[in-house]
Amino acid sequence: MVGSKLDDHSGSLCEAIASMLTLVSQGKIPADIRPIFFGGKLLALRKKDGGLRPIAVGLSLRRLIAKIIFNRIADRATALLTPHQSGFNVRGGAEAIVHATRHFILSKPEDIKALVKIDFRNAFNTVSREIILDAVHTHFPEYDEFFWSAYGYHSSLFIDQTVLSSECGVQQGDPLGPLLFCLALLRVIATLSTELNAWYLDDGTLGGAPAAVAENFTRVIEGARTIGLDIYESKCELFVSGGSESERQEVIESFVSHHPQLRVISNSTLTLLGAPVLDDAISDVLDEKSCAINRACERLQLLPRHHALYLLRHCLGAPKIIYVLRSCNAWKHPHQLYQIDESLRSCFQELSNVRGNHDDYPCWRQATLPVSRGGIGIRRAEELSLPAFLASIHSAFDLLSSMLPQHPAVDASEAIELWKVKARQPEMPEVAFRKLQKTWDLPLCNVSVSVLMELFRNDGVNTARLLAQSRPEAGIWLNALPSAHIGNLLDDETMKISIGLRLGADICEPHNCTKCHKLVDKLGHHGLSCSYSAGRHARHGGLNNIVCRACVSAGIPAKLEPRGTSSTTDQRPDGCTTFAWKRGMCLAWDVTCVDTMALSHRPSTSVTAGRYIFSPIAFETMGPWGPSAIAIVKELGKRLQQHTGERRSHEFLRQRLSLEIQRGNAASILGTMDGVDSLNEVLLLGIISRFCFSST
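Within any chain, residue numbers begin from 1 and follow the written order of that chain's sequence. Only residues with pLDDT of 70 or above have their local features reported here, since the model is predicted, and side-chain atom pairs are shown and tallied only from 80 upward, although totals for entire chains, interfaces and linings are computed over all residues. To get the side-chain values, take all heavy atoms of the structure and skip hydrogens and water.

Q: Which parts of the structure should I look at to understand the sheet that holds strand β1 (residues 40-46)?
A: In any sheet, the strands associate via hydrogen bonds between backbone groups, in a parallel or an antiparallel arrangement. The rule for pairing is simple: two strands pair if DSSP sees at least two bridges between them. Helix and strand definitions here come from DSSP, where helices need a minimum of 4 consecutive H or I residues and strands a minimum of 2 consecutive E residues; each element is numbered from the N-terminal end. The strand order β2-β1-β4-β5 describes an open sheet built from 4 strands, whose pairing is mixed. Lying at the two open borders of the sheet, with one neighbouring strand each, are β2 (52-57) and β5 (162-166). Here the strands of the sheet are splayed against their neighbours by 40° on average, with no regard to which way each runs. Relative to strand β4 (residues 155-159), β1 is paired through 2 bridges, and the arrangement is parallel. Note on β4: the bridge partner recorded for Lys-41 is Phe-158. Inter-axis angles, ranging from 0 to 180 degrees, are taken between N-to-C directions of lines fitted to C-alpha atoms, where helices are fitted over the stretch in contact.

Q: Explanation requested: helix α11 (residues 282-300) in the structure shown.
A: Helical periodicity: at 3.6 residues per turn, an α-helix aligns residues three or four positions apart in one direction. The end-to-end C-alpha distance of α11, which contains 19 residues, comes to 27 Å, matching closely the 27 Å that a straight helix rising 1.5 Å per residue would cover. Buried means the residue's accessible area, taken with a 1.4 Å probe over protein chains only, is under 20% of the maximum for its type, while exposed means over 50%, and partly exposed covers the values in between. Among the residues of α11, Ile-282, Ser-283, Val-285, Leu-286, Ser-290, Ala-292, Ile-293, Ala-296, Cys-297 and Leu-300 are the ones counted as buried. We call two residues in contact whenever any of their non-hydrogen atoms come within 4.5 Å of each other. Against the buried residues of α11 lie β10 (271-272), β11 (275-276), α12 (305-316), α13 (318-327) and α14 (334-352). Multiply 1.5 Å by the residue count of a helix minus one, and that product is the helix's expected span.

Q: It is not clear to me how unusual backbone geometry should be interpreted in this structure. Could you clarify?
A: Most peptide bonds take the trans form, and the phi angle of most residues other than glycine is negative. Cis geometry is found at the peptide bond from Thr-82 to Pro-83, where omega equals 10°. The residue Pro-83 is located in the loop between α3 (60-81) and α4 (93-106) in this model. Positive phi, normally seen in glycine, also occurs at His-517, with a value near 65°. Tracing the backbone through its elements, the reader meets His-517 in the loop between β12 (511-512) and β13 (519-520).

Q: Looking at this model, I keep getting lost on the confidence of the model for the protein chain. Mind explaining?
A: Residues shown with low pLDDT carry predicted positions that ought not to be read at fine detail. Of the residues in the protein chain, 92% reach a pLDDT of 70 or more, and the chain-wide mean stands at 89. Within a predicted model, pLDDT stands for the predictor's per-residue confidence, ranging from 0 to 100. Within the model, pLDDT remains below 50 along residues 601-609, and this stretch shows 21 contacts once partners closer than five positions in the same chain are excluded. Low pLDDT, under 50, characterises residues 676-696; the predicted model gives this stretch 21 contacts beyond four residues in sequence or across chains.

Q: I tried to follow the packing of helix α6 (residues 129-139) against helix α8 (residues 177-189) on my own but got confused; where do I start?
A: The axes of two packed helices give the description: the angle between them and the distance between them. Axis separation between α6 and α8 bottoms out at 9 Å; the angle between their running directions is 90°. Relative to α8, the element α6 lies roughly perpendicular. Here Ile-131, Ile-132, Asp-134, Ala-135, Val-136 and His-139 of α6 come into contact with α8, specifically with Leu-180, Leu-183, Ala-184, Leu-186 and Arg-187. Under this grouping Gly is polar, as are all residues other than the nonpolar Ala, Val, Leu, Ile, Met, Phe, Trp, Tyr, Cys and Pro and the charged Asp, Glu, Lys and Arg. Across the contact of α6 with α8, the residue classes break down as 8 nonpolar, 1 polar and 2 charged. For classification purposes, angles smaller than 35 degrees are called roughly parallel, those larger than 145 roughly antiparallel, those between 65 and 115 roughly perpendicular, and all remaining angles oblique.

Q: In this structure, what is going on with the side chain of Thr-494? I would like to understand it.
A: Topologically, Thr-494 is positioned in helix α21 (residues 492-503). Given the relative accessible area of 7%, Thr-494 is considered buried. Ignoring anything within four residues of it in the chain, the contact list for Thr-494 reads Gln-662, Arg-663 and Ala-666.

Q: Help me understand the environment of Gly-637 in this model?
A: Along the polypeptide, Gly-637 turns up in helix α24 (residues 627-644). Look at Gly-637 and you get buried, because its relative accessible area is 0%. When residues no more than four places from it in sequence are discounted, the contact partners of Gly-637 are Ser-649, His-650 and Leu-653.

Q: Would you mind going over the state of the cysteines with me for this structure?
A: Here, disulfide denotes a covalent bond that connects the sulfur atoms of two cysteines. In plain terms, two cysteine sulfur atoms within 2.5 Å form what is called a disulfide here. Considering all chains together, one arrives at 0 disulfides under this definition. Of all cysteine sulfurs in the structure, the one in Cys-291 sits closest to Cys-328, which takes part in no disulfide; the separation is 16 Å. Looking at Cys-328, the relative accessible area reads 1%, which means it is buried.

Here it is as structure tokens:
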């Protein structure tokens with residue numbers, strides 16, 4: 001409704017919305033509308049411990065004005081809350097707290113120290129609104145009226161057919177909710193004086209001399225009551241380190257005598273914000289993560305292959321454990337990391353129907369590379385653990401220094417030296433880039449690519465394949481959101497063949513092509529260049545239609561195979577715009593997709609002739625695009641964005657073209673077989689033949 005297609009109407013609507021939000025920010029919202037505007041739909045999510053977490057989904061306009069105010073005051077609020085509160089607008093705040101806690105415990109190990117982890121009971125829903133509004137008035141008085149409208153009165157929360165009155169606490173789901181909670185809790189945090197005083201929203205960690213920690217813990221309990229919070233003592237934990245066994249036991253008894261429900265934990269059970277703090281706790285946490293990944297992998301088998309692979313890459317594989325890898329020395333536990341990688345390998349093998357075990361090292365090793373390096377993006381935990389940890393340490397350096405000003409800098413020399421050996425780098429990356437994980441990760445990936453290239457040094461086909469897959473355009477289809485509604489979903493058969501071609505895996509058993517009767521090897525490449533290929537025409541038509549539809553969507557009328565474009569021959573281009581493209585001339589194009597492994601696979605460069613700008617749009621079966629194809633699609637994507645207002649138009653167009661190439665490849669390879677309904681039957685035949693051969 002606010003897109004550019006509506007022209008003047010969209011501008012008027014934007015102005016009206018802006019005027020309304022200005023009135024809302026000034027607190028000028030009618031009293032009878034206020035409970036609904038600042039209310040929302042209530043969702044009750046189940047916690048791991050069996051409790052419920054109420055999430056309020058507010059109106060879009062309410063969330064919009066909240067985000068606008070958030071952007072205006074975020075920097076001031078962050079400066080006010082840090083370094084002790086890292087739960088609001090602090091990148092890597094949770095990781096920094098884990099690193100700081102570990103560094104605090106390990107420095108001066110001979111000194112006896114106490115560490116208390118603090119948890120509140122239903123904190124966000126019980127914090128005093130009076131305290132919140134008072135803190136807003138003190139620190140952000142220009143928005144007094146807005147916050148008073150939102151939290152100075154009751155609001156309505158709807159769950160099924162029931163209406164609840166929200167009269168205390170902040171709504172979990174309000175973009176400003178975390179800030180408001182942190183402002184209220186700041187009144188308590190500011191009174192504490194322990195050596196370590198770190199908070200992530202309502203999760204607090206106090207560390208220092210036992211007497212000081214005990215005093216400050218009592219101060220937290222008393223201060224929390226003044227802002228409407230109650231300590232959940234049975235969830236609070238005590239850890240004691242340093243000194244002798246008798247001294248530690250004495251400290252524990254002293255704490256337990258005053259707080260009998262306090263849980264005492266050891267080195268192997270000390271975790272913070274879901275991450276292990278000391279090396280003794282890493283194995284158990286990694287085993288727990290491994291079990292979670294195993295469960296996810298089992299359930300992925302129930303989904304279509306394209307959906308499952310997308311989730312494995314973006315959600316349930318390495319992303320599920322990356323926080324743990326960044327927060328601790330997981331690289332010191334290769335056995336647990338190997339178990340996780342084996343789970344990912346097994347799942348990928350089931351989803352892709354491609355062998356990826358250690359008997360076929362190149363396939364699995366290439367699959368674990370980033371897409372930009374020719375892989376599938378199923379990253380190995382063992383390879384990611386070191387760059388993830390080093391990037392986290394360097395990105396949290398400034399925050400660590402402010403959290404523990406009296407402690408020396410964190411020593412990561414052991415991890416750095418190991419990285420230098422594995423990455424074959426004599427020096428660390430430049431200081432400005434050490435915070436980026438890819439800075440530490442890419443050198444390791446480049447080593448793996450070099451190993452693969454050396455392995456295929458005398459294999460021209462696989463060398464060409466690896467070089468082609470390393471081109472940026474070759475992996476576009478892997479990053480496309482698999483949705484049938486927008487035409488981006490590959491069926492299971494096409495998905496398996498596409499992965500097999502990318503990795504150079506065995507796709508079928510050797511057989512004679514049913515069209516030309518030539519031998520088709522186990523890689524199936526013959527179908528990509530066969531003169532009678534079943535998929536060539538369909539792929540050509542699909543690519544051509546995508547380009548033509550993109551022109552029309554960009555407001556440039558076009559037609560396919562127009563007559564009369566050449567005054568000397570009867571040849572027709574694949575498509576042509578009916579209005580000028582550039583310099584007063586129309587655009588004519590011709591689409592081709594050639595076999596990457598063929599001896600001659602590059603078309604001629606683009607030329608300008610007559611009254612048309614002629615551009616060959618050339619692709620290769622392995623994914624690379626010709627220079628003119630890249631240029632014309634980039635220009636077309638730019639015009640799509642200007643016409644539709646969708647900033648991702650260029651990427652969507654690239655994805656559609658890349659996916660169409662994969663569909664054509666699959667159809668071409670399947671077209672070499674006759675009387676086979678699916679590729680699975682051919683693979684099954686190969687497995688049976690190998691089994692019979694080994695039995696004899």
